[in-house]
Amino acid sequence: MSASIALVDDDRNILTSVSIALQAEGFTVRIYSDGEAALKAFAENAPDLVVLDIKMPRMDGMEVLRRLREKSQVPVIFLTSKDDELDEALGLAMGADDYIAKPFSLRLLIARIRAILRRTDARMAPAPEEDMPAEMLERGRLEMDPARHKVRWGGEEVVLTVTEFMILEALAQRPGFVKSRDQLMDAAYQDDVYVDDRTIDSHIKRLRRKFRQVDPQFKAIETLYGVGYRFGEE
């Protein structure tokens, strides 16, 4: 079955051109011209991925994402205005998986969509019964279950997006060892899909914020300025 993509934008030209391009790539596409209609539809029939414009009347993309994240971890790609760094950073901080600045290449958008869906499929697909379950990753108070996409800190569940999970897993696999931003990009964004440093930094901030909601003293993700990040040894 083809993946279902929800495209939410008040620009009719974008809805038309992007939906045609995605359908040509084999995706099922549902289009919405405002956030309220999209959220109502998602409650009845959730898509596999959402492409979401930030600036829309009635309900902007930030509010759509906020309400969506209350109930779902469906992957979200934000469409932002060119050079609007505040929108990009805020969107990632609120839980978006990626962003693309307008005007954008349809080829780039399709590549980003495919990369995120591949990561989602790899994490969400149940393991065959004859296979051994994926090994749990335990680091001090951290427990990661890749097969079920579950994360706990001190026994408390922490809900992560697919991108956040991939970044945390890359850090936790080798506690004490530094991962550069490029290495974290490679772990979270495969197939040479380009993202910049700010994207990784925003995901790290989001990870810390989520863990501090269950443990205000959380300090396991350490920054080495000018070098990268590491998962601290306990």
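Let me sum up the structure you'll find in this document. Keep in mind the model is a prediction, meaning the values are calculated, not measured.

## Overview of the overall build of the chain
Scanning the chain from terminus to terminus reveals 8 helices and 11 strands. Counting across all 234 residues of the chain, residues that qualify as buried make up 50%. Working note: accessible area of the chain is about 12,100 Å², and carbon and sulfur atoms make up 48% of it.

## Structural notes on the sheet that holds strand S5 (residues 98–101)
Strand order across the open sheet formed by 5 strands is S2-S1-S3-S4-S5, with parallel pairing between neighbours. On the outer flanks of this sheet lie strand S2 (28–32) and S5, each paired with one strand and no other. Strand-to-strand, the axes of this sheet are offset by a mean angle of 20°, without reference to chain direction. Contacts from helix H1 (residues 12–24) reach strand S1 (4–8) and S2, with the element oriented near 170° to S2. Sheet strands in contact with helix H3 (residues 61–69) are strand S3 (49–53) and strand S4 (76–80), and its direction is about 170° off that of S4.

## Let's talk about the sheet that holds strand S7 (residues 142–145)
Strand order across the open sheet formed by 4 strands is S6-S7-S8-S9, with antiparallel pairing between neighbours. Where the open sheet ends on each side, the last strands, each with one partner, are strand S6 (137–139) and strand S9 (156–157). Pairing geometry for S7 and strand S8 (residues 150–153), over 4 bridges, is antiparallel. Along S8, the bridge assignment pairs Met144 with Val151. Helix H6 (residues 162–172) rests against S6, S7 and S8 of the sheet, and its axis sits at about 120° to S7.

## Thoughts on unusual backbone geometry
Following Lys102, the chain continues to Pro103 via a peptide bond in cis, the omega torsion being -10°. Position of Pro103 among the secondary structure elements: in the loop between S5 and helix H5 (106–124). Even without glycine at this site, Arg58 takes up a positive phi of about 70°. Looking at where Arg58 falls in the secondary structure, it is placed in the loop between S3 and H3.

## Comments concerning the pairing of S1
Buried residues dominate S1, accounting for 5 of its 5 residues. Both faces of S1 are covered, namely the face carrying Ser4, Ala6 and Val8 and the face carrying Ile5 and Leu7. Handedness of the S1-H1-S2 crossover: right-handed. Pairing of S1 with S3 involves 4 bridges; the strand directions are parallel. The residue bridging Val8 from the neighbouring strand is Leu52, located in S3.

Conventions used here
Residues numbered from 1 in each chain as written. Predicted model: local features only at pLDDT ≥ 70, side-chain atom pairs only at ≥ 80, totals over all residues. Heavy atoms only, no water. Helix = DSSP H or I, 4+ residues; strand = E, 2+ residues; numbered from the N terminus. Buried < 20%, exposed > 50% of the residue type's maximum accessible area, 1.4 Å probe, protein only. Areas by Shrake-Rupley, 256 points an atom, 1.4 Å probe, with all protein chains shown as cover. Pairing = 2+ DSSP bridges. Axes fitted to C-alpha atoms, helices over the stretch in contact; angles between N-to-C directions. Contact = heavy atoms within 4.5 Å. Right-handed = clockwise from strand over helix to strand, strands pointing away.

Such coordinate-based values are descriptive only and should not be taken to indicate function.
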